[in-house]
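Spelled out, the chains give:
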Amino acid sequence: MLLRKIILLFSVIFFTSAFAQRKKTDTIYVYEKVIVYDTIYLEKAIKLKPANLMLSSLEIEEEEIKGINQNIDKEELEEQIKKLRTKSFQYGIQAGIGFKKASWAEMLSEKKQQFSQNFGIWISKSIINPNFSLMLSANVNHWNSTFDLDTNKEETYLDGFYFSKDDQPLLFQRFNNKHLEYVLELKAIYEWKKLRPFVGFLANKNNYKMQFLVPENNVLNKLDDLKSNQINFGFSLGLQYRIFGRFFIDVEYQHYKIKNLSLKNSSFDFDIFKTNNTFAERKISLGISYFISK
């Protein structure tokens, strides 16, 4: 009995001591500090001095290509280029001025030279040799007048009656040599470096106009225009000089022979100058040509 009390007493003392030494749990607070970094960009104008840029020219590019293709047979390459040039057509335009001297006009005017402006188109093709080509051109020339004959204002060389083939009388009224000229020309051209001499065969038509009083119901009371309608043939000589890649300066001499000076319309057809039925016409022109094709 005593032993049980002793054991119970020690048990109470042990448990009391054990719970008396237990510490009370504290509350712990944890704080987190967050630092955020951000980047700010500031724009500021900076003065830059322009640099002298050196661009490669076409000639430099061509030299570079030649340097890369050193293993290619140059003769074979030149032959291929010649074949391409021979097969292709070239075309362009032309404009310029001209001076003309006609032997029949010397009888009517003191001015020896007649001035013109001209414009034309052309097409050419190399044949046989790439340096030799044929060119076909069509030009229109506007020639200014060197005299003005008007029988209503003064006496002229052409005053009087003229008779047609059916003997109908025509009374001269007015005439000047202002006119349009249409030229179709075939040239043979040989190119040597920047020079292109040529010789040509051409056909032209001068559109002269002369005014007469013509009969109507057997009375001379109607004004009518009679125009030249004949085609003349001649030759040409000239030279072209290349000034830029696609531009040429042209100098050309042309020579025609005119058989009679025929005037025609729907009702009349006769030669105005029967006493001298062959006239010479010489022309020198200066112009510039432009290659449109590449």
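Fair warning: this is a prediction, and the values are worked out from it, not measured in the lab.

## Focus on the overall build of the chain
Reasoning step 1: When its secondary structure is counted, the chain shows three helices and 15 strands.
Reasoning step 2: Looking at the chain as a whole, 31% of its 294 residues are labelled buried.
Reasoning step 3: A separation threshold of at least 6 residues defines the contact pool for the chain, and within that pool the share at least 24 residues apart is 67%.
Reasoning step 4: In the form shown here, the chain has an accessible surface area of approximately 22000 Å², with 59% of it arising from carbon and sulfur atoms.

## A short note on the pattern of salt bridges
Reasoning step 1: The final tally for this structure, using the stated rule, is six salt bridges.
Reasoning step 2: Across the salt bridge formed by Arg 242 and Glu 191, the nearest N and O atoms sit 3.0 Å from each other. Here the residue Arg 242 occupies a position in strand β11 (residues 232-242), and Glu 191 occupies one in the loop between β7 (179-190) and β8 (195-207), the gap between them amounting to 51 residues.
Reasoning step 3: What emerges from the salt-bridge pattern is a single network uniting Glu 191, Arg 196 and Arg 242.

## Here we look at empty space enclosed by the protein
Reasoning step 1: Applying the stated criterion to the full structure yields three cavities of 30 Å³ or more.
Reasoning step 2: Within this model, the largest cavity holds a volume of roughly 140 Å³.
Reasoning step 3: If you go around the largest cavity, you meet 15 residues; those closest to its centre are Asn 118, Asn 139, Glu 252, Gln 254 and Ser 285.
Reasoning step 4: Every element with two or more residues in the lining of the largest cavity is listed here: β3 (129-143), β7, β12 (247-259) and β15 (278-291).
Reasoning step 5: With four residues, the single largest contributor to the lining of the largest cavity is β15.
Reasoning step 6: Residues of the lining of the largest cavity, tallied by class, amount to two nonpolar, eight polar and five charged.
Reasoning step 7: Its volume calculated, the second largest cavity comes out at about 70 Å³.
Reasoning step 8: Element by element, the count of residues in the lining of the second largest cavity is highest for strand β1 (residues 89-102), at three residues.
Reasoning step 9: For the lining of the second largest cavity, the per-class residue count stands at two nonpolar, four polar and five charged.

## Some remarks on the packing of aromatic side chains
Ring pairs (aromatic) are described by centroid distance and by the angle formed between their planes.
Reasoning step 1: Counted by the stated rule, this structure contains twelve aromatic pairs.
Reasoning step 2: Where Trp 104 meets Phe 175, the ring centres are 6.1 Å apart and the plane angle is 35°; that geometry is what we call tilted. Of this pair, Trp 104 sits in the loop between β1 and β2 (114-127) while Phe 175 sits in strand β6 (residues 169-176), and the two are 71 residues apart along the sequence. Note on accessibility: Trp 104 and Phe 175 belong to one class, buried.
Reasoning step 3: Taking the centre distance of 5.7 Å and the plane angle of 80° together, the rings of Tyr 162 and Phe 212 count as edge-to-face. Remark: Phe 212 occurs in strand β9 (residues 209-216) and Tyr 162 occurs in strand β5 (residues 161-163); sequence separation between them is 50 residues.
Reasoning step 4: Ring pairs connect the aromatic residues Trp 104, Phe 147, Phe 175 and Tyr 208, which therefore count as one cluster.
Reasoning step 5: In this structure, Lys 187 is placed above the aromatic ring of Phe 198, and the distance from its NZ or CZ to the ring centre is 4.4 Å.
Reasoning step 6: Positioned above the aromatic ring of Phe 248 is the side chain of Arg 196, whose terminal nitrogen or guanidinium carbon lies 4.8 Å from the ring centre.

## Let's talk about the confidence of the model for the chain
Reasoning step 1: Overall, the prediction assigns the chain a mean pLDDT of 81, with 72% of residues at 70 or greater.
Reasoning step 2: The least confident element of the chain, judged by mean pLDDT, is helix α2 (residues 58-68) at 49; the most confident is β7 at 95.
Reasoning step 3: Below pLDDT 50 for its whole length, residues 60-68 participates in one contact with residues either more than four positions away or in separate chains.

## A few points about the nonpolar core
Reasoning step 1: Within the largest apolar cluster, 24 residues are counted, with the highest numbers of intra-cluster contacts made by Trp 104, Leu 158, Phe 172, Phe 175, Met 210, Phe 212 and Ile 272.
Reasoning step 2: Within the residue set of this core, elements represented by two or more residues are β6 and β9.
Reasoning step 3: Once you skip the residues sitting within four places of it in the chain, Leu 158 turns out to touch Leu 108, Leu 149, Phe 172, Phe 175, Met 210 and Phe 273.
Reasoning step 4: Trp 122, Ile 189, Phe 198 and Phe 291 belong to the second largest nonpolar core, which has six residues in total.

## Regarding the pairing of β1
Reasoning step 1: With twelve bridges connecting them, β1 and β2 associate as antiparallel partners. Along β2, the bridge assignment pairs Gly 92 with Trp 122.
Reasoning step 2: Note: β1 against β15, eleven bridges, orientation antiparallel. Each bridged residue has a counterpart across the sheet, and for Lys 101 the counterpart in β15 is Arg 282.

## Notes on the side chain of Ser 133
Reasoning step 1: Relative to the elements of secondary structure, Ser 133 occurs in strand β3.
Reasoning step 2: When its relative accessible area of 7% is taken as the criterion, Ser 133 is described as buried.
Reasoning step 3: If we ignore the near neighbours within four places in the chain, the residues touching Ser 133 are Lys 125, Ser 126, Ile 127, Lys 187, Ala 188 and Ile 189.

## Observations regarding the sheet that holds β15
The strands that make up a sheet pair up through hydrogen bonds in the backbone, lying either parallel or antiparallel.
Reasoning step 1: Spatially, β1-β2-β3-β7-β8-β11-β12-β15 is the arrangement adopted by the eight strands of the closed barrel, whose pairing is antiparallel. Strand-to-strand twist across the sheet, computed as the mean angle between neighbouring axes with direction ignored, equals 25°.

Calculation criteria
- Residues numbered from 1 in each chain as written.
- Predicted model: local features only at pLDDT ≥ 70, side-chain atom pairs only at ≥ 80, totals over all residues.
- Heavy atoms only, no water.
- Helix = DSSP H or I, 4+ residues; strand = E, 2+ residues; numbered from the N terminus.
- Buried < 20%, exposed > 50% of the residue type's maximum accessible area, 1.4 Å probe, protein only.
- Contact = heavy atoms within 4.5 Å.
- Areas by Shrake-Rupley, 256 points an atom, 1.4 Å probe, with all protein chains shown as cover.
- Salt bridge = Lys/Arg side-chain N within 4 Å of Asp/Glu carboxyl O.
- 1 Å grid on protein atoms, 1.4 Å probe; cavity = no way out; pocket = protein on both sides within 12 Å on 5 of 7 lines; lining within 4 Å.
- Points joined across faces, edges and corners; volume = space filled by probe spheres on them.
- Nonpolar A, V, L, I, M, F, W, Y, C, P; charged D, E, K, R; others polar.
- Phe/Tyr/Trp six-rings, centres within 6.5 Å; stacked < 30°, edge-to-face > 60°.
- Lys NZ or Arg CZ within 6 Å of the ring centre and 35° of its normal.
- pLDDT = per-residue confidence, 0-100.
- Core = buried A, V, L, I, M, F, W, Y, C linked by side-chain atoms within 4.5 Å.
- Pairing = 2+ DSSP bridges.
- Axes fitted to C-alpha atoms, helices over the stretch in contact; angles between N-to-C directions.

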